[in-house]
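So you can see what is in the structure, the chains are spelled out below.
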Amino acid sequence: MRRGAVVWLVAVALAACAVALAVAFFIPWLPDTASEESERISFVFWFTTIICIAIFGIVAGLTLYSVVKFRAPLDDDSDGPPIHGHTGIEIAWTAIPAVLVTAIGIVSAVVLARNSDAGPNPLRVDVLGQQFAWSFTYPQQNRITSGHLRLPVGRSVELHFQARDVIHSFWVPEFSQKQDTVPGLETTLVITPNKVGTFPVICTELCGLGHALMRTQAIVMPQAEFDAWIRERSQGGDGARDPGLAVFDSAGCGGCHTLAAARSSGETGPPLDDLASRARQAGMPLEDFIRQSIVEPDAHIAEGYEAGVMPKTFGDLPKEQLDALVRFLVESRGDTTE
Ligand code: CUA
């Protein structure tokens, strides 16, 4: 090949790489990372992308060079010269991709292994997915339950997932990982948040009418703030806690409903702080109204909300739990309306 041709080829290849790099880097394809695991995944992503961009540059350069250099005149209908292969090039185009693919495989395997290693002392959080709410229980912290996933920054967390009804999938875009929750199966995921902030928790498996609304937040906070939250939520311990509030939390009510007495802020379903006035509208005693609304969610539909969204599984709660929940809701309404 003449020297001029080589310069031409390299220039085209570099230009193609520059365009591809600009598209890869300057368009924010992915959310910012907020965990050690997501940074490793990001590394694999860029490792692979850079290799692809380099190959794209070579292919684009050779293609454009060939199109220009070997272009046949319009009136040339003759066949090209016969070619019987080129052992050197064939070895190169077999060996180089084999090395690159193996490299990607090794990097991925290392990242996968490190990402599933929770270390010696992870914080355990039990996650329950159900139509249509997430609830998070901290078994090492007095079994506190929350509708938000609160995590201390910088500590490995091992999430253990269970599903109450159908398959859901846990996803926080900034953590770059997804994990299905499957009825009858316990799945796990390790997250080591490394940025303080509030990130969306999204259900990413079609699970019913309320699927799009099955969202909450992951709140990553400094260790001291997390400890303070644990202390505040554990006050009095489990024994002194209102059993109805415990049911409210463990059944995941707060994932969908705002209730001041439970400090919940879900917005999928109607707020529960004005149950008294809604019972009046329905012309029912408060307690009967609440019980019916839990067991037969579609009996009364609050204005602005849709039937069929709230699951009908809460009638299956053990009777004493259901009674405690109803009593708690009857009494908590007094916290804000009187
Ligand atoms: Cu749960 Cu979609």
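So, a few notes on the structure that sits alongside this text. (Residues numbered from 1 in each chain as written. Predicted model: local features only at pLDDT ≥ 70, side-chain atom pairs only at ≥ 80, totals over all residues. Heavy atoms only, no water.)

### With respect to the pattern of salt bridges
Put simply, the test is: Each salt bridge in this description consists of a side-chain nitrogen of Lys or Arg and a carboxyl oxygen of Asp or Glu lying within 4 Å of one another. Numbering of helices and strands starts at the N terminus; helices are DSSP runs of H or I of at least 4 residues and strands are runs of E of at least 2. The cut-offs for exposure are 20% and 50% of the maximum accessible area for each residue type, with area from a 1.4 Å probe on protein chains only; residues under the lower value are buried, those over the upper are exposed, and the others partly exposed.
Inspection of every chain in the model, using the stated rule, returns 7 salt bridges. Between Glu36 and Arg40 there is a salt bridge, and its shortest N-O distance comes to 3.7 Å. Of this pair, Glu36 and Arg40 both sit in helix H2 (residues 36-69), separated by 4 residues, roughly a single helical turn. Under the relative-accessibility criterion, Glu36 is labelled partly exposed at 33%. Residue Arg40 is classed as buried on the basis of its relative accessible area of 17%.

### Points about the packing of H2 against helix H3 (residues 87-115)
To keep it simple, the criterion reads: For helices, the fitted line uses only the C-alpha atoms of the stretch in contact; every axis is such a line through C-alpha atoms, and the angle between N-to-C directions lies from 0 to 180 degrees. By definition in this entry, angles of less than 35 degrees are roughly parallel, angles greater than 145 are roughly antiparallel, angles of 65 to 115 are roughly perpendicular, and the rest are oblique. Contacts are assigned to residue pairs with any non-hydrogen atoms lying within 4.5 Å of each other. Amino acids outside the nonpolar list (Ala, Val, Leu, Ile, Met, Phe, Trp, Tyr, Cys, Pro) and the charged list (Asp, Glu, Lys, Arg) are all regarded as polar, and Gly is one of them.
Where H2 meets H3, the axes come as close as 9 Å, and the angle between the chain directions of the two elements is 175°. The orientation of H2 with respect to H3, classified from their angle, is roughly antiparallel. Judged by residue contacts, Glu37, Arg40, Ile41, Phe43, Val44, Phe47, Thr48, Ile51 and Ile55 of H2 engage Leu100, Ala103, Ile104, Val107, Ser108, Val111, Arg114 and Asn115 from H3. Residues that form the contact of H2 with H3 fall into these classes: 11 nonpolar, 3 polar and 3 charged.

### Examining the packing of aromatic side chains
For the record, the criterion: Between the rings of Phe, Tyr and Trp (Trp by its six-membered ring), a pair exists once the centres lie within 6.5 Å; its type follows the angle of the planes, with under 30 degrees stacked, over 60 edge-to-face, and the other angles tilted. Charge-over-ring contacts are defined here by two conditions on Lys NZ or Arg CZ: a distance within 6 Å of the ring centre and an angle within 35 degrees of the ring normal.
Applying the stated criterion to the full structure yields 12 aromatic pairs. Ring plane angle 5° and centroid distance 4.6 Å describe the contact between Phe25 and Trp46, whose orientation is recorded as stacked. Here Phe25, found in helix H1 (residues 3-26), pairs with Trp46, found in helix H2; they are 21 residues apart in sequence, far enough to count as distant. Taking the relative accessible area as the measure of exposure, Phe25 reaches 47% and is therefore partly exposed. Put simply, the rings of Trp8, Tyr65 and Phe70 touch in pairs and so form one group of aromatic residues. A cation over an aromatic ring shows up here: Lys178 above the ring of Trp171, its NZ or CZ 4.8 Å from the ring centre.

### Some details on the environment of Gly308
The topology assignment puts Gly308 in the loop between helix H7 (286-295) and helix H8 (319-337). Between the C-alpha atom of Gly308 and that of Gly254, which follows or precedes it by 54 residues, the distance is 18 Å.

### Side note on helix H5 (residues 243-250)
Here H5 has its buried residues at Gly244, Leu245, Val247, Phe248 and Asp249. Gly252 occupies a position one or two residues after H5 and carries a positive phi of about 85°.

### Considerations on the pairing of strand E8 (residues 187-191)
Our working definition: When DSSP finds at least two bridges between two strands, those strands are taken to pair.
Burial runs high along E8: 4 of the 5 residues are buried. Relative to E8, strand E5 (residues 157-163) runs antiparallel, the two being bridged by 5 bridges. Among the inter-strand pairings, Glu158 is bridged to a residue of E8, identified as Val190.

### Some thoughts on the packing of helix H6 (residues 275-282) against H7
If you want to describe how two helices pack, look at the angle between their axes and the distance between the axes. The contact between H6 and H7 brings their axes to 9 Å, and the two run at 95°. The angle between H6 and H7 places the two elements in the roughly perpendicular class. Judged by residue contacts, Leu275, Ala276, Arg278, Ala279 and Ala282 of H6 engage Leu286, Phe289 and Ile290 from H7. Residue composition of the contact of H6 with H7, by class: 7 nonpolar, no polar and 1 charged.

### Things to note about the sheet that holds strand E6 (residues 168-172)
Overall, mixed pairing links the 5 strands, which are arranged E4-E10-E9-E6-E7 in an open sheet. In the strand order of this sheet, the two ends are held by strand E4 (149-152) and strand E7 (177-181), each with one partner. Each strand axis lies, on average, 25° off the axis of its neighbour in the sheet, ignoring direction. Examined bridge by bridge, E4 and strand E10 (residues 215-221) share 4 bridges and lie parallel to one another. Residue pairing across strands places Arg150 opposite Ile219, the latter belonging to E10. Contacting E4 and E10, helix H4 (residues 223-234) crosses the sheet at an angle of about 130° to E4.

### With respect to the nonpolar core
Selection criterion: In these notes, a set of buried Ala, Val, Leu, Ile, Met, Phe, Trp, Tyr and Cys residues joined through side-chain atoms within 4.5 Å is what counts as a nonpolar core.
In this structure, Val125, Tyr138, Leu149, Leu159, Phe170 and Phe175 are the most contacted members of the largest nonpolar core, which totals 32 residues. A per-element tally of this core places E10 first, with 4 residues. When neighbours within four sequence positions are excluded, Phe175 is seen to be in contact with Ala34, Ser35, Ser38, Leu151, Ile191, Pro193, Phe199, Ala218 and Val220.

### Some remarks on the sheet that holds strand E3 (residues 144-146)
As summarised here, the arrangement of the 5 strands in space is E3-E2-E1-E5-E8, forming an open sheet in which the pairing is mixed. Among the strands making up the open sheet, the edge pair consists of E3 and E8. When the angles between neighbouring strand axes are averaged without regard to direction, this sheet yields 25°.

### What about H6?
Here is the rule: Working definition: the arc comes from the directions between the helix axis and the C-beta atoms, pointing outward to the latter.
Within the sequence span of H6, burial applies to Leu275, Ala276, Arg278 and Ala279. Here the buried residues of H6 occupy an arc of 165° about the axis, which is enough to place them on one side. Opposite the packed face of H6, turned more than 90 degrees from it, sit the exposed residues Arg280 and Gln281. Positioned one or two residues after H6, Gly283 has a phi angle of 70°, which is positive.

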